[in-house]
Amino acid sequence: MPHTAAQPRPQDPPQADTRPDAALETWLLARHSCRAFLPDPVPRATVERILELAQRTASWCNCQPWQVAIAEGAATDRLRGALLRRAEQAGFTPDFPFPREYQGEYLARRRESGFQLYGAVGVARGDREAYRRQEMRNFQLFDAPHVAIITTDEALGEYGAIDCGGYVANFMLAAQANGVATVAQASLAMYPEVLREVLGIPAGRRVVCGISFGYADTSHPANSYRTRRAEQAETVSWVTD
Ligand SMILES: Cc1cc2nc3c(=O)[nH]c(=O)nc-3n(C[C@H](O)[C@H](O)[C@H](O)COP(=O)(O)O)c2cc1C
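Counting from 1, residues in each chain are numbered in the order their sequence is written. With the structure being a predicted model, the display of local features is reserved for residues of pLDDT at least 70 and the display and counting of side-chain atom pairs for 80 or more, all residues being used for whole-chain, interface and lining totals. Note that the side-chain values use all heavy atoms of the structure and ignore hydrogens as well as water.

Participant: Looking at this structure, how should I read the environment of Thr-227?
Facilitator: Inspection of the secondary structure assignment puts Thr-227 in the loop between β4 (205-214) and α8 (232-235). Think of it in three bands: with a 1.4 Å probe and only protein chains considered, a residue is buried below 20% of the maximum accessible area for its type, exposed above 50%, and partly exposed in between. Overall, the relative accessible area of 38% leaves Thr-227 in the partly exposed class. Distance in space between the C-alpha atoms of Thr-227 and Pro-192 is 28 Å, their sequence separation being 35 residues. Among all residues touching Thr-227, those that are not within four sequence positions of it are Ser-113 and Gln-116. We define a polar contact as two N or O atoms separated by no more than 3.5 Å, with the added condition that, inside protein, one atom must be a possible hydrogen donor and the other a possible acceptor, whereas residues neighbouring each other in sequence contribute only through side-chain atom pairs. Looking at Thr-227, its side chain comes within polar contact range of the side chain of Arg-229, at 2.8 Å. Secondary structure counts use DSSP, requiring at least four H or I residues in a row for a helix and at least two E residues in a row for a strand, with both numbered from the N terminus. Throughout, a residue-residue contact means that at least one pair of heavy atoms, one from each residue, lies within 4.5 Å.

Here it is, written out as structure tokens:
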């Protein structure tokens, strides 16, 4: 059968994706939460480039309420140690209340992604001790060489936190585009007093979340799976008349 325009011949090079959003799609599809990092630090110039791009995030009244405390080197290890010690104790008091309950599809999606992680790292369903060990990996910062703690201004309330959420998303995409892996961590916001003390975060700032970052250990099973997303019809309603 003769080749038509719609059927590239085998010797043709792959066609470049000429859609205007092709680059954005590349980074969006490539990004995933990294839960095992290599120890190699990210050069300061690369981190500054990521920060420069993330700073373009939109915010209410252009307040840009995010402040970012970044730990590297010995400071990351100090923070790891302090978080692990604190996580051994009961109770936690985040600056923003954690979700009250996961219901319906939210519970289902939470469970699915959780079981994907546990399945990948070989944790059997119902093995609570192993769940706990995996949870504690959060406070080891998944061995990342760096962590960024994102805080907002107390007086800006929830909307300051929303602006910070946009910043977190853009930080992660900019990192991905620079070959740097990330994982957002609300778990670190469980212990804002530890973050304040170790990183010198002022009392008036409210902790939104952390982002551990570095280079992915691509051979680690924790990085071997990808999460799903809901169909558009599950999250969008069109109102036409
Ligand atoms: C605000 C925020 C907080 C998160 N907190 C944690 C966390 O504490 N620990 C963790 O392992 N993953 C955390 N995640 C990662 C999510 O579990 C992850 O983004 C989700 O399962 C989708 O998977 P993906 O990032 O690989 O696409 C967080 C993500 C966001 C956006």
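The rest of the description comes next.
Participant: Explanation requested: the pattern of salt bridges in the structure shown.
Facilitator: Pairs can form between side chains of opposite charge once their charged atoms are near each other. Only one rule defines a salt bridge in this text: a Lys or Arg side-chain nitrogen within 4 Å of an Asp or Glu carboxyl oxygen. With the rule as written, the count across this model stands at twelve salt bridges. Here Arg-19 ties to Glu-25 by a salt bridge, and the two come within 3.1 Å at their closest N and O atoms. According to the relative accessible area criterion, Arg-19 is partly exposed, its value standing at 46%. Taking the shortest distance from any N to any O, the salt bridge between Arg-196 and Asp-95 comes out at 2.6 Å. Taken together, the positions of Arg-196 in helix α7 (residues 192-199) and Asp-95 in the loop between α3 (74-87) and α4 (104-121) put the pair 101 residues apart, joining distant regions of the chain. Take Asp-95: its relative accessible area is 19%, and that puts it in the buried class. One continuous salt-bridge network, built from bridges that share partners, spans Asp-17, Arg-19 and Glu-25.

Nothing here speaks to function; it is geometry throughout.
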